[in-house]
Amino acid sequence: MKNYNIAVIPGDGTGPEVIAEAVKVLDAAGRKFGFDLKYTKFPWGGDHYLATGEILPDDAAETLKKFDAMLLGAIGGNKVKPGLLEKGILLRLRFELDQYINLRPVKLYPGVETPLANKTSDSIDYVVVRENSGGVYTGMGGSVAQGTPDEVACQNWVYTRKQVDRCLKFAFELAKKRHSAADPWKGLSAEDKAAGYTANLTLVGKTNVLTYVCGMWERAFNEMAKAYPMVKINYCHVDATTMWMVKNPEWFDVIVTENLMGDIITDLAAMTAGGMGVSAGGNLNPEGISMFEPIGGSAPKYTGLGVINPLAAVGAAAMMLDYLGEHEAAASIEKSIAFVTGNKLKSCAAGKMGYSTSQVGDLVVENL
Ligand code: IPM
Ligand code: MN
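(A) Examining the environment of Trp157 more closely. With respect to the helices, strands and loops of the structure, Trp157 is situated in the loop between β7 (152–155) and α5 (161–177). Here the alpha-carbon distance between Trp157 and Val213, two residues 56 residues apart in the chain, equals 7.8 Å. The contacts of Trp157, once residues within four sequence positions are left out, are Gly135, Val136, Leu210, Val213, Cys214, Glu258 and Met261. Among the polar contacts made by the side chain of Trp157, one reaches the side chain of Glu258 at a distance of 2.8 Å.

In structure tokens form, the structure reads like this:
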């Protein structure tokens, strides 16, 4: 029997509640598909910081590297100054573990309400590959004369060609792989199919203004495309992308973009797919350890009430299994989530599901 060692950071607010359901579903999947998961909990987060003064121990990354994967609930909340924990835990782990891909599937499950009129689960089903290690998140810059009228501030938007290439490579490989998915020709026209394309990849940038950085992305993208003749490549400015994501989401299959642009468009994307209750993501280091998380925050006002939707955390757990190679189990959890949203839940919003947090976890388990 296969064994996996999972580091769990339940975190703040509703984090522990949704993680409990994710673990419940993971264990059930393990029993059904024949693998065993061992969890080691780490207490980091707002409460731990307030109690001990420690944000993250210096050896955290070294400790975590020994695990097969990580599952994170939520970090932050209303008790600590905003930014401190986000930077001190979430961003620090992403950087120190070099989780250079942030993979964010955008999938409208059956029965889930979207604010987009006349769009169904067939039209909202794509993946955003967000670069997760560079850009303005690199943290270079500075300011002088802070607090005076002469204050000057600058925050650098930095990329190396290597960072760009490794991210693009991941995106091209993913686009190629998605060919075997349910709709292999998503976002491709009849002419594209006739031309032999089997995958569709869109680079999102702003080459008309940010010529140096986005210019490098575009050149690297076009060069790499030569090795992937089956991938139809498209380019879209980021502002136009937000428009198409609302108007024609069915055009997209795989989107690849830099860090901050990816941060912004994936919040919009998540809302089109039913919101934070159902959106999951993975911070991936394809050569190292990866961290899976529900995209939503710690939702302080719902803490302890048993009303928060755990499906995003359950989805993150499914992504984790897929990443660990347990594809069948991952697909089964996804199917069960789709069954639960399509046939059971009244709504995906906290407090309006018609079930408690833990009952929703039970429903996913029953329908595995
Ligand atoms: C996200 C979040 C983080 C980010 C914050 C909390 C630092 O918005 O995961 O998208 O900007 O990456
Ligand atoms: Mn974000």
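(B) Region of the structure containing empty space enclosed by the protein. This structure, assessed with the given rule, holds 1 cavity of 30 Å³ or more. In this structure, the largest cavity occupies an estimated 50 Å³ of space. Contributing to the lining of the largest cavity are Leu203, Val204, Gly205, Thr207, Cys214, Trp217, Tyr235, Thr257 and Glu258. Of all the elements in the fold, those that place two or more residues in the lining of the largest cavity are β8 (199–205) and α7 (211–225). When residues of the lining of the largest cavity are assigned to their parent elements, the largest contribution, 3 residues, is made by β8. Its residues assigned to classes, the lining of the largest cavity shows 5 nonpolar, 3 polar and 1 charged.

(C) Layout of the site of ligand 1. Neighbouring residues of ligand 1: Glu86, Leu91, Arg94, Arg104, Arg130, Tyr137 and Asp263. Tyr137 is positioned such that a nitrogen or oxygen atom in its side chain is 2.6 Å from an oxygen atom of ligand 1. Out of a free accessible area of 320 Å², ligand 1 has 74% covered by protein chains. A molecule is said to occupy a pocket when more than half its atoms come within 2 Å of that pocket's grid points, and by this definition ligand 1 occupies the second largest pocket. Per-element accounting of the shell around ligand 1 gives the leading share, 3 residues, to helix α4 (residues 84–96). Residue composition of the shell around ligand 1, grouped by class: 2 nonpolar, no polar and 5 charged. Here the shell around ligand 1 spans two domains, and each of domain 1 (1–112 + 277–368) and domain 2 (114–273) adds at least three residues to it.

(D) Region of interest: the pattern of salt bridges. Tallied over the full model, the rule gives 17 salt bridges. As a salt-bridge pair, Arg92 and Asp58 come within 3.9 Å of each other at their nearest N and O atoms. With a gap of 34 residues between them, Arg92 in helix α4 and Asp58 in the loop between α2 (46–52) and α3 (60–64) connect regions that are remote in the sequence. You can call Arg92 partly exposed: its relative accessible area is 23%. Take Asp58: its relative accessible area is 71%, and that puts it in the exposed class. Across the salt bridge formed by Asp192 and Lys232, the nearest N and O atoms sit 3.1 Å from each other. Taken together, the positions of Asp192 in helix α6 (residues 190–194) and Lys232 in strand β9 (residues 231–237) put the pair 40 residues apart, joining distant regions of the chain. Residue Asp192 is classed as buried on the basis of its relative accessible area of 11%. Classification of Lys232 as partly exposed rests on a relative accessible area of 22%. Each of Glu21, Lys24 and Asp362 takes part in one network of salt bridges that share partners.

What counts as what
Residues numbered from 1 in each chain as written. Chains lettered and ligands numbered in written order. Predicted model: local features only at pLDDT ≥ 70, side-chain atom pairs only at ≥ 80, totals over all residues. Heavy atoms only, no water. Helix = DSSP H or I, 4+ residues; strand = E, 2+ residues; numbered from the N terminus. Contact = heavy atoms within 4.5 Å. Polar contact = N/O pair within 3.5 Å; in protein donor to acceptor, adjacent residues only side chain to side chain. 1 Å grid on protein atoms, 1.4 Å probe; cavity = no way out; pocket = protein on both sides within 12 Å on 5 of 7 lines; lining within 4 Å. Points joined across faces, edges and corners; volume = space filled by probe spheres on them. Nonpolar A, V, L, I, M, F, W, Y, C, P; charged D, E, K, R; others polar. Near = heavy atom within 4 Å. Areas by Shrake-Rupley, 256 points an atom, 1.4 Å probe, with all protein chains shown as cover. Sits in = over half its atoms within 2 Å of the grid points. Domains from an automatic or database assignment. Salt bridge = Lys/Arg side-chain N within 4 Å of Asp/Glu carboxyl O. Buried < 20%, exposed > 50% of the residue type's maximum accessible area, 1.4 Å probe, protein only.

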